[in-house]
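# Structural overview
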There are 4 protein chains.
Amino acid sequence: MHSENNSWILSAQCPSRLGTVDVVTRFLKEQGCYITELHSFDDYRGGQFFIRAAFLPEQADFNGDDFREQFTARASAFDMHFELTPPDYRLPVVIMVSKTDHCLNDLLYRYRTGQLAIDVRAIVSNHPDLEPLAAWHGLPYHHLPITPETKAEQEAEVRRVVEESGAELVILARYMQVLSPELCHHFAGRAINIHHSLLPGFKGAKPYHQAYEKGVKLVGATAHYINDDLDEGPIIAQGVEAVDHAHYPEDLVARGRDIECLTLARAVRYHLQKRVFLHAGRTVVLTG
Amino acid sequence: MHSENNSWILSAQCPSRLGTVDVVTRFLKEQGCYITELHSFDDYRGGQFFIRAAFLPEQADFNGDDFREQFTARASAFDMHFELTPPDYRLPVVIMVSKTDHCLNDLLYRYRTGQLAIDVRAIVSNHPDLEPLAAWHGLPYHHLPITPETKAEQEAEVRRVVEESGAELVILARYMQVLSPELCHHFAGRAINIHHSLLPGFKGAKPYHQAYEKGVKLVGATAHYINDDLDEGPIIAQGVEAVDHAHYPEDLVARGRDIECLTLARAVRYHLQKRVFLHAGRTVVLTG
Amino acid sequence: MHSENNSWILSAQCPSRLGTVDVVTRFLKEQGCYITELHSFDDYRGGQFFIRAAFLPEQADFNGDDFREQFTARASAFDMHFELTPPDYRLPVVIMVSKTDHCLNDLLYRYRTGQLAIDVRAIVSNHPDLEPLAAWHGLPYHHLPITPETKAEQEAEVRRVVEESGAELVILARYMQVLSPELCHHFAGRAINIHHSLLPGFKGAKPYHQAYEKGVKLVGATAHYINDDLDEGPIIAQGVEAVDHAHYPEDLVARGRDIECLTLARAVRYHLQKRVFLHAGRTVVLTG
Amino acid sequence: MHSENNSWILSAQCPSRLGTVDVVTRFLKEQGCYITELHSFDDYRGGQFFIRAAFLPEQADFNGDDFREQFTARASAFDMHFELTPPDYRLPVVIMVSKTDHCLNDLLYRYRTGQLAIDVRAIVSNHPDLEPLAAWHGLPYHHLPITPETKAEQEAEVRRVVEESGAELVILARYMQVLSPELCHHFAGRAINIHHSLLPGFKGAKPYHQAYEKGVKLVGATAHYINDDLDEGPIIAQGVEAVDHAHYPEDLVARGRDIECLTLARAVRYHLQKRVFLHAGRTVVLTG
């Protein structure tokens, strides 16, 4: 959300105890790292601590590898897992999609104009339709059709493409296939899906039709990590849109497009800015 | 929502067919009724037509009873049910509440200052706590305690109070008892409840605790008519509020109060302005 | 907003008087036109009446020209201006843009996928940068550079392109040139501009920088018709986004993009659905 | 916003330099203070650093005065101003009001139910109308009428009441008098006003009438600190509400009430939770 292209990000989590902040901030001070933004949260019920610091090294010869190596000793005393992300980092991603293209179009626009610091390595689809859009952006497009019989093979191919691309995140931008439990497990915490309802409401197929049946006055979208239980993964972001009686299911589908795009893009941004922490099936999102 | 204190309201619904608008608007013209706002909607799937007209009679001797009588003949040819509501009409209501008082306080403030055209005839509670608040507003307070054993009696008493009060609407402003199916049925379409979640999500007890468990990023409130199926009645209005990981269940409870008040007040306003139509288990709300 | 592709739209306005609704609805009835949605508003202060009806002709041989001809006589008795818009009508537009492409990209996406019923006839820009985007959509791109010296000529050229294209609406999708009073006057009511502030706040140049200076906690966007007084034209739609102290001007610029796109698209949709009426320097938008 | 009744709050600001976070967090660690939430922001353009820490002392005999004394030496080396706020602290306030009572009613409700940790010491009004409301809450009500001739005296009396009450904050809850520059200056940074527009738009009198004239589609409210320049003080919070052509000025007045209440209450909450920092005519609000 904020100007941070020239900041390093240190993000970490560990079990709660006295001194968790100090072990991070004291080290940053010692290393001559100037903190521009800091946010920590201690979940006293979950017993877990989360911290995110954006900083500028004052030394010209600041070296990330050295930082990591030296901090590891201190962090390990706190059982702390941390990540150090350099400035101008662009997250390598693979986008999966079917025929519906509004989320893909939105992501590619933000990618092309640098508004979202992703590096799109490939687009995977079970349909050929969106190949021209990929081509215009100069991106490889893998058309991997799927049938009940070929599902296992197709998913193996998906895994291979993702692996070879070097992607660190898979974005399911309205990929309309139910992933197998194996693939869900494989991608757990490394894939973000957009579901077109306010989860846990209207899980599963045709959420807008369910919403119409119930006569709701708000529809929404949920971006969440994939985990073993489909449509139950940890929620990262949610958005909402007012509707009324005159919206038939197809109107809700149309109406929901914008909020799906915005919610997915927001979740991806939080993720790549290292604002999202996964713990005990829920997320902590340090947006401040 | 709009200045209409000096307007009459004609609201009606009937099965869809050619001429439904004309039968209303032609009559209004003939009667010298100046339409200030008109809204109709024809639900082509449900096959039902809805209309609401706000108008000013041009004749000084306009008489509502005559209007009703004369329009009845025309309306019946269309199987049309209609209501005529005079200007400055104040809807007689009974408010039911337990111990939680934010919705009651909000409704009484709007009542006292004339912001909501209701005429509060009585407050019914299963607890004595809110009697002073009622007293300050000069309102009768019926403390009707309830136990599993006395539920039938208590509900009979509730019905008696409502009946004798002449109330046309019962407002369940965080009344924390599950109404019996009989009472639900009795009040169907004549009672508005506020539920502290975005229905159909988090039905039943402790919705904020359910929301916390799921790690949602939005909480909401739903105002709906009571019908036979608790928490499944036709939705009138919904509101939403952003939350994050730092909101424990008790924070969500606190956070949700404002949106509960606003959503309930909005639904009551729509109802008394004759904007809400019930048909086939859903609502049409002509807010325009 | 709603499914209306197969509906005709009759929109009209005239001075306020008794019978304005009836003259429209009676005629529709007589012509066998089945009204699916109707909305009228009488501005008693401005003394002007507005109406919009969506309808389906029951006769297979319904003829728009005949309808117009026959209705004209009745309408003229009320000094009523009306428009009849056929189903599946796509509004011919010219889009003007400079270098900033988020609004253009958004409009072209909605155009390409049929989400916005516009027929883009041409794109006009004072810069060559966005030609590839136009080319990919197969659209003519007129690069018309401008300098203080050539402004008059350039604007004449703009007018010529618009005229020859047959466009009924010009969309200023972040066209960063101040139009001359003559061109403003020429396009008055036929051109929609997106301004990146909540007008009348932060008029003129660099509104996000102005917003930063003031330390506002909300930024917004305004879509309005062009009229003689720049940035003062009648407002059609406004949107808003929360920001905080950590948003420097360049962050506000980034933050505002989405709301600019959404607000402009919404205004164009209202316009082409004939929901917007211009009267006395303000708009009436019948969104119901 | 979050459960913090049992947390101490340390809030501080100082000129930007390396080590500002460390001087705070190291001290907290040394004192055995367990940080539950921490947020810092370094405004690199303004050259000022802001930090807020919520913490729980691990020692049973933790003493705030000792903490303050010991931290003062370290803080002064950084030119750091800090505040230490104990758990369960309730901010002493005086509320000023005229005849319009929605904000007062809202604040008193939150006060009475403990939703807002304020300790209302007195209510000051230039009208007698709201005395009964104060009386019901058992609060002293100072009716201090004002005329152009008595303005100086009345303001002196206001100052006296505030002083004697021990209030640390004055809340202008729709007090419809223009404060003199002297009183503004006296209260600068210690008084929060609610203005019924999105400042800097529609400054001065009758903002809703101005909004109507401009035909805006959104109205809003702004809570800001008083400073020397009326309606130009540093903004703390803003809220917004959609409106349309059918809202005449008196409808906008009605429509805006809820958002005024919510915005003012939010600003007061931020203030008493020590989330708001004043610097260079702007606020930093650490809401995280």
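Before reading on, note that the structure itself is shown above.
Right, let's walk through the structure included here. From a predicted model like this one, the values you see are computed outputs, not experimental measurements. (Residues numbered from 1 in each chain as written. Chains lettered and ligands numbered in written order. Predicted model: local features only at pLDDT ≥ 70, side-chain atom pairs only at ≥ 80, totals over all residues. Heavy atoms only, no water.)

### Focus: the environment of D:Arg159
Residue and element names in this part refer to chain D. For clarity, the cut-off: Only runs of H or I of at least four residues qualify as helices and only runs of E of at least two qualify as strands under DSSP, and these elements are numbered from the N terminus. Note on definitions: a residue-residue contact is assigned when non-hydrogen atoms from the two residues lie within 4.5 Å.
Mapped onto the fold, Arg159 is located in helix 5 (residues 151-165). For the pair Arg159 and Gly189, spaced 30 residues apart in sequence, the C-alpha to C-alpha distance is 15 Å. Among all residues touching Arg159, those that are not within four sequence positions of it are Leu183 and His186.

### Focus: helix 1 (residues 20-30) of chain D
As a reminder of what qualifies: Type-normalised accessible area, obtained with a 1.4 Å probe on protein chains alone, sets the label of each residue: buried when under 20%, exposed when over 50%, and partly exposed for intermediate values.
With respect to burial, helix 1 of chain D is a largely interior element, 8 of its 11 residues being buried. Along helix 1 of chain D, the positions that sit buried rather than exposed are D:Thr20, D:Val21, D:Asp22, D:Val23, D:Val24, D:Thr25, D:Phe27 and D:Leu28. For helix 1 of chain D, the secondary structure elements touched by its buried residues are helix 1 (20-30) and strand 2 (33-43) of chain A together with strand 1 (8-15), strand 2 (33-43), strand 3 (48-57) and helix 2 (64-77) of chain D. Just downstream of helix 1 of chain D, D:Gly32 is the residue with a positive phi angle, here 70°.

### Considering the pattern of salt bridges
Opposite charge on two side chains lets them pair, provided their charged atoms get close. The cut-off we apply is this: The term salt bridge refers to a pairing of a side-chain nitrogen on Lys or Arg with a carboxyl oxygen on Asp or Glu at a separation within 4 Å.
Tallied over the full model, the rule gives 52 salt bridges over all chains. Close ionic contact of B:Asp258 with D:Arg110 constitutes a salt bridge, the shortest N to O distance being 3.0 Å. Remark: D:Arg110 occurs in helix 3 (residues 102-112) and B:Asp258 occurs in helix 8 (residues 249-272); the pair is interchain, linking two chains. A salt bridge links D:Asp22 to D:Arg26; the nearest nitrogen and oxygen atoms lie 3.1 Å apart.

### Some thoughts on the relation of the copies chain B and chain A
The condition that has to hold: Residues below a pLDDT of 70 in either copy are left out; the C-alpha atoms of the rest, at least 70 in both, set the least-squares superposition of the copies.
Superposing chain B onto chain A takes a rotation of 180° plus a shift of 0.0 Å along the axis, which leaves an RMSD of 0.0 Å. The operation mapping one copy onto its partner corresponds to a two-fold rotation axis. Ranked by how close their C-alpha atoms come to the rotation axis, the residues of chain B are headed by B:Gly201, at 2.4 Å.

### Examining the sheet that holds strand 11 (residues 235-242) of chain B
Residues and elements named next belong to chain B. For the record, the criterion: Strands are treated as partners if at least two bridges between them are detected by DSSP. Between N-to-C directions, angles span 0 to 180 degrees; the directions come from axes that are lines fitted to C-alpha atoms, helices contributing only their stretch in contact.
One open sheet accounts for 7 strands, arranged 7-6-5-8-9-10-11; its pairing is mixed. Among the strands making up the open sheet, the edge pair consists of strand 7 (141-143) and strand 11. The mean inter-strand angle of the sheet, taken between neighbouring strand axes irrespective of direction, is 20°. With 3 bridges connecting them, strand 6 (residues 118-125) and strand 7 associate as parallel partners. Across the sheet, the residue bridging to Ser125 is His143, located in strand 7. Against the sheet, helix 5 (residues 151-165) engages strand 5 (91-97), strand 6, strand 7 and strand 8 (169-172), with an angle of about 160° to strand 6.

### Digging into the state of the cysteines
Each disulfide consists of one covalent bond between the sulfur atoms belonging to two cysteines. Condition: The criterion for a disulfide is a pair of cysteine sulfur atoms lying within 2.5 Å.
Across all of its chains, the model carries 0 disulfides over all chains by this definition. The closest cysteine sulfur to the non-disulfide-bonded C:Cys184 is located on C:Cys103, 18 Å from its own sulfur. On the basis of relative accessible area, C:Cys184 is assigned to the buried category, the value being 1%. Here D:Cys14 is not disulfide-linked; the sulfur of A:Cys33 is the nearest cysteine sulfur, at 18 Å. Given the relative accessible area of 1%, D:Cys14 is considered buried.

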